[in-house]
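Residue strings, one per chain:
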Amino acid sequence: MGIELRKAAVTDGMDIYEMLQELPADENGFINQAAGMRFHEYKEWLKGKVQNAEQTGIVDGWKVPATTFWLFEDGRPVGCGSVRHFLTDKLLEQGGNIGYSIRPSDRNRGLGKVLLSLLIDESRKMGIDRLLLTIHNGNTPSLHVALANGGKIEKTTEERNYVWITL
Ligand SMILES: CC(C)(COP(=O)(O)OP(=O)(O)OC[C@H]1O[C@@H](n2cnc3c(N)ncnc32)[C@H](O)[C@@H]1OP(=O)(O)O)[C@@H](O)C(=O)NCCC(=O)NCCS
């Protein structure tokens with residue numbers, strides 16, 4: 001079966017739900033909104049995620065369209081990622097285009113690098129030509145993942161590395 005990325009869908013079920021319950025609510029700036037949700041709340045939340053991927057402009061004055069993906073290994077969800085379709089001034093400072101997370105029990109065996117590389121492929125298909133990742137200082141695994149995928153550090157502040165990937 002191998003490794004593949006699937007777009008979040010309203011039909012997603014218990015396997016994705018269980019993975020999301022294993023991911024912290026906020027880990028190095030990666031926000032998992034579904035942490036602690038009940039199953040029916042997660043199903044409602046999924047509808048919003050799917051809608052958000054279909055938007056073209058800013059929603060409610062601030063929300064940028066974003067597409068959510070799940071990483072599957074041999075049919076089992078092992079990670080998730082999100083691609084923001086464009087950036088605002090605020091996201092240029094904090095947040096960037098891409099966020100990703102691997103299930104804690106599956107880390108450090110190369111899946112993070114594969115996940116970002118597949119998210120880059122999807123971003124290219126969406127017509128994005130440059131991706132920003134804002135990576136907290138001290139998040140060495142994520143910095144390694146970004147640099148292994150062609151990322152270039154533009155600047156480093158007291159809080160973050162600003163890494164750009166040209167597609
Ligand atoms: C960042 C993250 C996705 C990486 O996933 P992963 O599957 O563990 O990554 P990989 O196995 O592909 O490789 C990570 C790289 O970091 C290195 N690494 C992994 N854990 C490490 C650690 N604790 N300390 C230092 N380096 C580490 C690996 O050696 C590898 O680098 P190398 O190939 O140059 O040796 C994962 O750690 C994660 O989900 N973190 C929490 C969420 C997060 O921080 N997301 C990014 C911010 S948006």
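Residues numbered from 1 in each chain as written. Predicted model: local features only at pLDDT ≥ 70, side-chain atom pairs only at ≥ 80, totals over all residues. Heavy atoms only, no water.

1. Brief notes about the site of the ligand
Okay, step 1: If you check the shell around the ligand, you find 19 residues, and the closest are Tyr-100, Asn-108, Gly-110, Lys-113 and His-144.
Okay, step 2: Within the backbone of Asn-108, one N or O atom sits 2.7 Å away from an oxygen atom of the ligand.
Okay, step 3: Here the ligand has 950 Å² of accessible area as a free molecule, and 74% of this is covered by the chains.
Okay, step 4: When contributions to the shell around the ligand are tallied by element, the ones reaching two or more residues are β6 (98-102), α4 (111-125) and α5 (140-148).
Okay, step 5: With five residues, the top contributor of residues to the shell around the ligand is α5.
Okay, step 6: Within the shell around the ligand, the residues separate by chemical class into five nonpolar, ten polar and four charged. (Near = heavy atom within 4 Å. Polar contact = N/O pair within 3.5 Å; in protein donor to acceptor, adjacent residues only side chain to side chain. Areas by Shrake-Rupley, 256 points an atom, 1.4 Å probe, with all protein chains shown as cover. Helix = DSSP H or I, 4+ residues; strand = E, 2+ residues; numbered from the N terminus. Nonpolar A, V, L, I, M, F, W, Y, C, P; charged D, E, K, R; others polar.)

2. Section: the layout of surface pockets
Okay, step 1: The computed volume of the second largest pocket comes to approximately 150 Å³.
Okay, step 2: Where the lining of the second largest pocket is concerned, the elements lending two or more residues are α2 (39-54), β4 (66-73) and α4.
Okay, step 3: Considered class by class, the residues forming the lining of the second largest pocket number five nonpolar, three polar and five charged. (1 Å grid on protein atoms, 1.4 Å probe; cavity = no way out; pocket = protein on both sides within 12 Å on 5 of 7 lines; lining within 4 Å. Points joined across faces, edges and corners; volume = space filled by probe spheres on them.)

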